[in-house]
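# Results of the structural survey
The primary structure of each chain is shown beneath.
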Amino acid sequence: MLLTSYFLAALAIALAWPTPLALSKAKWITRAPVQAVLLWQAIALGGGLSMIGSMLVWGLTPLGDNLISALHGGWRLLMGDPGVQYPGVVHLFALSTAFLFGFHLVLTLIRAAWRTSRQRAKHRQLLLLLSNPSETRPNTLVIDHDMPVAYCVPGISNSVTVLSRGLLTQLTPEEQQAVITHERSHLDQRHDLLILAFTAWNEALPWLPTSKLALEAVRQLIEMLADDRALERVNRQTLLKAIVTVATAAAVEESTSANNSANAQLVGMPGGEVSSRRLQRLLSPENSLNRPSRILVLTSTVLLLACPTGLLIAPTLLSWN
Amino acid sequence: MASLGDLERSVMDLLWDSAEPLTANDLRDDLAALGTDAKELAVTTVLTVLARLEKKGLVERERSTRPHRYAACSSREDHTVGLLNEALGSAQDREAVLARFIGGITADEAASLRAILDSVKSA
């Protein structure tokens, strides 16, 4: 039990700091965005599990040889069984910290989900008053405005893609196809849930700079994923032209509107180096990562999740006897 | 009978297009003029819709006159711009709410990308 808790603590530290730092700088992620997104999730989940797990296992050490017997011991202690040895203040402190930390993570996630769905509902309500359903495309609304804009409002059963009239007039049918396929894949692959989870992670651990790194990395990766889907339908040139038309209009809008949008831009789009990777890979295509490397990444992903989970269930796996 | 959502929309359209505030009776008549199953529409229904819109902050009520007169809080254009700003703005959690096509591309990048594409085209 003791050894297991030390191992989990070491894993938690590794996943909290050096690993995300290295992954955010890794060059290969643009060549295997799917695997990279999975790895980020494993790092966040595995990190949280081992953080909580190390404290839990350490706190339970005096009560039993493995988690089951320790929990049983804890139960008997709570029931006032005099035969059980009292674990001591330090161990109790570790146990309460583990529980509080777990609650904190879950509550932050629930709060973020609630806030997001409320904002979406509000946006959707106004949207219904201000837009018209597209005559040619299902689940698509058209807003009457000259600026070329495309976005989607995710939902469980009522996901919708929003296009502006400007987008339909300024983009060729092929470019529109690129934009719509890109947006649809955000909806189909439920990227919003991914962003929600990492936003909550970042909110729950604001003192951990790597949680911000993870959020930014995942934001970029989902754009790459959606671009890849769009490239199945249109060529690179078309997608790039669509991006540049929409991005230029948005940039002009932001610079002409109130000066607080300059702040907003700083908050939302930090790290010019990272953000341009989406464009770089479109401008100079790279081969996707070779098979052995992809398998290596997937294996590490599975191990990152399996290790802390396995050790939590059977902490005695790591012991000297 | 049209749903409350459709009615809200029709009422907002009328208020946006109207130069001056309207009473519930005016609105009922205007809705009737639009021709959609208007006979069934009671003034109380219009008042219900207006109350809902007022609660959502879309409609203002002038209480100085009898009957009360209603007006849209801000123009249709202002609301559209507001929506688009929400879609384009890069507030911290915005991307969880909406997914934008140009997520994470800055103005500078857009300009340099345009230059690259133009040079390809002319070559």
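All chains use their own residue numbering, which begins from 1 and follows the written sequence. Each chain gets a letter, beginning with A, and each ligand a number, beginning with 1, in the order they are written. In view of the model being predicted, local features appear only for residues whose pLDDT reaches at least 70, and side-chain atom pairs are presented and counted only at 80 or more, with totals across whole chains, interfaces and linings using the full set of residues.

## Structural notes on the pairing of strand β3 (residues 150-153) of chain A
Residues and elements named next belong to chain A.
- To assign burial, the other C-beta atoms lying within 10 Å of each residue's own C-beta are counted, with C-beta atoms placed from the backbone; 20 or more indicates buried, 12 or fewer indicates exposed, and intermediate counts indicate partly exposed. Counting from the N terminus, the helices are DSSP H or I runs at least four residues long and the strands are E runs at least two residues long. Burial along β3 is two-sided: A150 and C152 and Y151 and V153, pointing in opposite directions, are all buried.
- Looking at chain direction, β3 and strand β4 (residues 160-164) are connected through four bridges and run antiparallel. By the bridge assignment for β4, V153 is matched with V160.
- For two strands to pair, DSSP has to find at least two bridges joining them. Between β3 and the antiparallel strand that follows it, β4, lie six residues.

## Quick look at the confidence of the model for chain A
- Predictor confidence is given residue by residue as pLDDT, running from a minimum of 0 to a maximum of 100. This prediction gives chain A a mean pLDDT of 87; 91% of its residues lie at or above 70.
- For the stretch residues 258-275 of chain A, pLDDT sits under 50, and the model shows 26 contacts to residues farther than four places along the chain or on other chains. Here the contact rule is simple: place C-beta atoms from the backbone, and any two residues whose C-beta atoms are within 7 Å are in contact.

## Considerations on the environment of T108 of chain A
All names here are of chain A.
- Note on placement: T108 falls in helix α5 (residues 89-130).
- Judged by the 17 C-beta atoms lying within 10 Å of it, T108 is partly exposed.
- A sequence separation of 89 residues divides T108 from A197, and the C-alpha atoms of the two residues are 9.6 Å apart.
- Contacts of T108, omitting those with residues within four sequence positions, involve A200, E203 and A204.

## A look at the domain arrangement of chain A
Residues and elements named next belong to chain A.
- Where each domain begins and ends follows an automated or database-derived domain assignment. Its domain assignment divides chain A into domain 1 (1-25 + 33-87 + 293-321) and domain 2 (126-286).
- Between domain 1 and domain 2, the contact holds 11 residues from the first and 12 residues from the second.
- Those elements giving two or more residues to the side of domain 1 that touches domain 2 turn out to be α2 (18-25) and α3 (33-60).
- It is α3 that provides the largest number of residues to the side of domain 1 that touches domain 2, a total of six residues.
- Gly is placed with the polar residues, together with every amino acid not listed as nonpolar (Ala, Val, Leu, Ile, Met, Phe, Trp, Tyr, Cys and Pro) or charged (Asp, Glu, Lys and Arg). Within the side of domain 1 that touches domain 2, the residues separate by chemical class into 10 nonpolar, one polar and no charged.

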